[in-house]
Amino acid sequence: MSKKNKSVKSKLSTPLKSTLHPAHDEISLFLNWESSIEDSILLLLGRSFSSVYANPEFNSQLREIKKYFVLRDYVSIFTNPTYLAIYTAEYIPGRALCYQNLFLSNDVLRKLIREDGGYVLSLGSGAGSELVGISSALVGSKVHISHTNESDASPPSTPHLTIHSQDLADYSTVLTQLESEVRSTFKFPHTLLQCESSIGDILSPETSGQLISLIQKSDLITCMFLLNELFASSKSAVVKLITTLVRTMKKDSLLLVVDSAGSFSNINVGGQEREYKIYMILDQLKDFEIIEKDDSRWYRFPETNEALNYPTKLNNMRYFIRLYRKI
């Protein structure tokens, strides 16, 4: 076994340090073990990706992925089956932690997930960070506790929360593994959480019928680190996608847009020298009420846990957020 592989195995088998986040009081009481919610998420992800981290080609393939990111050649990343597992193992842990924190810290999103329930459509989310991050925001809620002793023998037609993970690439193997780990770790029956997925290019007219049907029944639609990538592929197609969202979203449903706050997410519109952020376009839409906006926000890993013991480095994230309600 290589030195790297030994290190990975050691980290995954070492108990993680305990942390306490002010927003996680109910979660900590529910878990009732010497582990924070962040630790629990990383443990389940570590189990899911242990074979990926043990791959001797992990670092070299990750360098190739990062090269394509710099070139904004997203198609070369997400249409290459060899890269999908590497990409997922590298980028999903940090984002999953960030999303869990985001859904707990926003009153509207917290209420939707932990109290009201409904249908969540996560576009471009096949790698699983939304599945893990959003579902873990359920932990310790009253509805979670009330469902812990229920059987999966006869799942209801309408569970409390449904998360539909949509993506261009086929991440079905990854999503199946992550769903299994989430259910096992947090004791989520199907009466509480239903997981769905679909594969398709949301910029293609061929998938418009399926996309429209998903949008129409969604209470929340998420576009997390997605729209800038789509803009790099086809600006006109993204404009059509936004038009479809405006025309199809039901009244009072929510649209959550999160992306990098750095210059990496700048887009050029109309060949002009000036560059814009995607939210500058969305903010002008009269069909959307802005519920929350922040042009630059940091998610930093808990200071009381120096490393959040994990096989790969977890980087703090700076992002922008827009939460819109359809008028």
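This write-up is about the structure you can find in this document. Note that the structure is predicted; figures quoted are calculated from it, not measured. (Residues numbered from 1 in each chain as written. Predicted model: local features only at pLDDT ≥ 70, side-chain atom pairs only at ≥ 80, totals over all residues. Heavy atoms only, no water.)

### Let's talk about the sheet that holds strand 2 (residues 161–167)
Now for step 1: In space, the seven strands of this open sheet follow the order 3-2-1-4-5-9-8, with mixed pairing throughout. The open sheet has two edge strands with one neighbour each: strand 3 (193–199) and strand 8 (288–299). Neighbour-to-neighbour, the strand axes of the sheet open up by a mean angle of 15°, direction not taken into account. (Pairing = 2+ DSSP bridges. Helix = DSSP H or I, 4+ residues; strand = E, 2+ residues; numbered from the N terminus. Axes fitted to C-alpha atoms, helices over the stretch in contact; angles between N-to-C directions.)

### What to know about the environment of Thr79
Now for step 1: Mapped onto the elements of the fold, Thr79 is located in the loop between helix 5 (74–78) and helix 6 (81–105).
Now for step 2: Residues Thr79 and Leu168 lie 89 residues apart in sequence; the distance between their C-alpha atoms is 7.9 Å.
Now for step 3: Among the polar contacts made by the side chain of Thr79, one reaches the main-chain carbonyl oxygen of Val75 at a distance of 2.4 Å. (Polar contact = N/O pair within 3.5 Å; in protein donor to acceptor, adjacent residues only side chain to side chain.)

### A look at the environment of Cys98
Now for step 1: Secondary-structure assignment places Cys98 in helix 6.
Now for step 2: Separated by 35 residues in sequence, Cys98 and Gly133 have C-alpha atoms that sit 7.4 Å apart.
Now for step 3: If we skip the residues at most four places from it in the chain, Cys98 touches Tyr299, Met317 and Tyr319. (Contact = heavy atoms within 4.5 Å.)

### A word on the packing of helix 6 against helix 8 (residues 129–136)
Now for step 1: At a closest axis distance of 7 Å, the pairing of helix 6 and helix 8 adopts a crossing angle of 35°. Considering only the axes of helix 6 and helix 8, their crossing is right-handed. In contact with Ile92, Arg95, Ala96, Tyr99, Gln100 and Phe103 of helix 6, helix 8 contributes Ser129, Glu130, Val132, Gly133, Ile134 and Ser136.
Now for step 2: Here the residues of the contact of helix 6 with helix 8 are counted per class, giving six nonpolar, four polar and two charged. (Left-handed = near helix turned anticlockwise from the far one by under 90°. Nonpolar A, V, L, I, M, F, W, Y, C, P; charged D, E, K, R; others polar.)

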